[in-house]
Amino acid sequence: MVQGPCKKLVKAFLLLLTGLFMGCSTDSSPDGGESNFPGGDGGPSGSESNLPEGKVSFDIHPVDLSGILMFEPMGSMGTFPKDHGGFHHNQVGDSEPSIRIYALADGYITSLGRSVEDYWVQVRYSTTISVKLGHVGRFEKAVLDAVGPLAEGQVKNMSIAVKKGQVIGYMSSLGALDMGLHDLERKNVFCYPELFGFEVQYASDIFDYFDEPVRSELLEKAIRVQAPRGGKVDFDVKGTLAGNWFQPGGTMEAFETHFAIGYDYLHPHRVILYNGYAEFAENNTSYNQVWVRNNVPLPETVDFGDGMVKYEMIPKLGWRRDDGINFTLDNLENVDNATSIGVVLFEMLDNETMQVEYFPGQLADAVNEFSGNQRIYVRKP
């Protein structure tokens, strides 16, 4: 994703995203049901009681596809795998992009807010399905009239009826319209769900909710070629290395205390390590996201009985933009022959605790024990 030159600005931006997309639920460990939607009491009341029950599907595009270059899946490794994907468009930098955003069905806008540069909005389409859109540049007049003025950082909870195909607003001048679909009947698997916000717990593959031929037309924009095409966010496997970890006493907002071991969101057969400490404490992006040479051993197979495990690190790959219009996944031929950038040593101390140490510039044969500078991580801080 976009990387800024100033690490402090990056951290501030991530804090903002956390507030917008992950800190919306007052019930941190929902078990399903209408009351788990964020905003107000969450349940459809009054006019919203006529929403359809359970899963719904859509037969129109969420945006003008003619302006869309590519759909980026959810699951990009940050402090947590991102719970939303993004429609990259061809009007980046325009003062007022004309790419329209549509209501996917009859429903209700239940909350919206203003961030530093643009807006976000959440729309509920059934008793269990909601869609959240980020980087909305401006709203349509009908929405604006109902909402009124919004100050920077302000959030409003409301109930504004929308009709299928109605223009809600327009894309912003930034690179992509974020889209996250949340389904209360599809809860993702985490060792401790209460550590994750509403959007992460219920993030779903958007393509599972569109009918043909719209589904196939949207998939033509998807850069990820392996299922699930919309991405994946949950990698926790209890009792193994796989998934999200925290330093003892760490918090969701303290990104430098996070560690994640999962699979790349663009190349999902590649094991990826995310090291928040390297990025935010050591200010070293060389070791914040790396791949594992040959994917050996797979993290979901490593447990307490395996003792010390060595991973040799190689640079991760992603995509390239060929001609200003077309995005292409990087070619992974011979990727495991890349020059090593170092070794990371893991050991499960028990089912809930691991220790980690990085050895930059080393080869696997040269690393056989921890030096005493390892860091401890736990499943639940």
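Please read all numbers here as calculations on a predicted model, not as lab measurements.

Caption draft 1: Up close: the confidence of the model for the protein. For the protein, mean pLDDT is 88; residues scoring 70 or higher make up 88% of the total. This model gives residues 1-35 a pLDDT under 50, and the stretch forms 71 contacts once residues within four places in sequence are excluded. Throughout residues 40-46 the model reports pLDDT below 50, and contacts reaching past four residues in sequence, or to other chains, amount to 13 contacts.

Caption draft 2: Here's a closer look at the pairing of strand β5 (residues 119-124). Burial analysis of β5 places six of its six residues in the buried class, which makes it a mostly covered element. Side chains Y119, V121 and V123 project from β5 onto one buried face, and the interleaved W120, Q122 and R124 project onto a second face that is buried too. For strand β4 (residues 107-114) and β5, the ladder comprises six bridges, and the chain directions are antiparallel. The partner of S111 across the bridge, within β5, is Q122. Joining the antiparallel neighbours β4 and β5 is a turn of four residues. Connecting β5 to the next strand, strand β6 (residues 129-139), in antiparallel fashion are four residues.

Caption draft 3: How the structure looks around unusual backbone geometry. P228 follows A227 through a cis peptide bond whose omega is -10°. You can see P228 is positioned in the loop between α4 (214-219) and β11 (243-246). A cis geometry characterises the amide bond from V296 onward to P297, with omega recorded as -5°. Following the sequence through the fold, P297 ends up in the loop between β14 (289-292) and β15 (308-315). At N294, a position not held by glycine, the phi torsion is positive, near 65°. Considering the arrangement of structural elements, one finds N294 in the loop between β14 and β15. For N294, a relative accessible area of 47% gives the class partly exposed. With phi around 65°, N334 is a residue other than glycine that occupies positive phi space.

Caption draft 4: A look at the pattern of salt bridges. For the structure on display, the rule yields 14 salt bridges. Linking D106 and K163 is a salt bridge whose minimum nitrogen-to-oxygen distance equals 3.9 Å. With D106 in the loop between β3 (100-102) and β4 and K163 in the loop between β7 (155-162) and β8 (167-171), this residue pair connects regions lying 57 residues apart in the sequence. Between K232 and D234 there is a salt bridge, and its shortest N-O distance comes to 3.2 Å. You can call K232 partly exposed: its relative accessible area is 33%. What makes D234 buried here is its relative accessible area of 10%. Overlapping salt bridges, with partners in common, bring together R320, D322 and D330 in one network.

Caption draft 5: Structural view of the packing of aromatic side chains. Counting across every chain of the model gives 17 aromatic pairs. Their ring planes at 65° and their centres at 5.2 Å tell us that F58 and Y125 sit as a pair that is edge-to-face. With a gap of 67 residues between them, F58 in the loop between α1 (7-21) and β1 (68-72) and Y125 in the loop between β5 and β6 connect regions that are remote in the sequence. Just as F58 is buried, Y125 falls in that class too. For the pair F259 and F346, a centre-to-centre distance of 5.8 Å together with 85° between the ring planes defines the contact as edge-to-face. With F259 in strand β12 (residues 258-263) and F346 in strand β18 (residues 342-350), this residue pair connects regions lying 87 residues apart in the sequence. Overall, F259 belongs to the buried group, its relative accessible area being 0%. Site record: aromatic cluster; members linked through ring pairs are F259, Y287, Y311, F346, Y358 and Y377. We note K55 situated over the ring of Y209; from NZ or CZ to the ring centre the distance is 4.7 Å.

Cut-offs and rules
- Residues numbered from 1 in each chain as written.
- Predicted model: local features only at pLDDT ≥ 70, side-chain atom pairs only at ≥ 80, totals over all residues.
- Heavy atoms only, no water.
- pLDDT = per-residue confidence, 0-100.
- Contact = heavy atoms within 4.5 Å.
- Buried < 20%, exposed > 50% of the residue type's maximum accessible area, 1.4 Å probe, protein only.
- Helix = DSSP H or I, 4+ residues; strand = E, 2+ residues; numbered from the N terminus.
- Pairing = 2+ DSSP bridges.
- Salt bridge = Lys/Arg side-chain N within 4 Å of Asp/Glu carboxyl O.
- Phe/Tyr/Trp six-rings, centres within 6.5 Å; stacked < 30°, edge-to-face > 60°.
- Lys NZ or Arg CZ within 6 Å of the ring centre and 35° of its normal.

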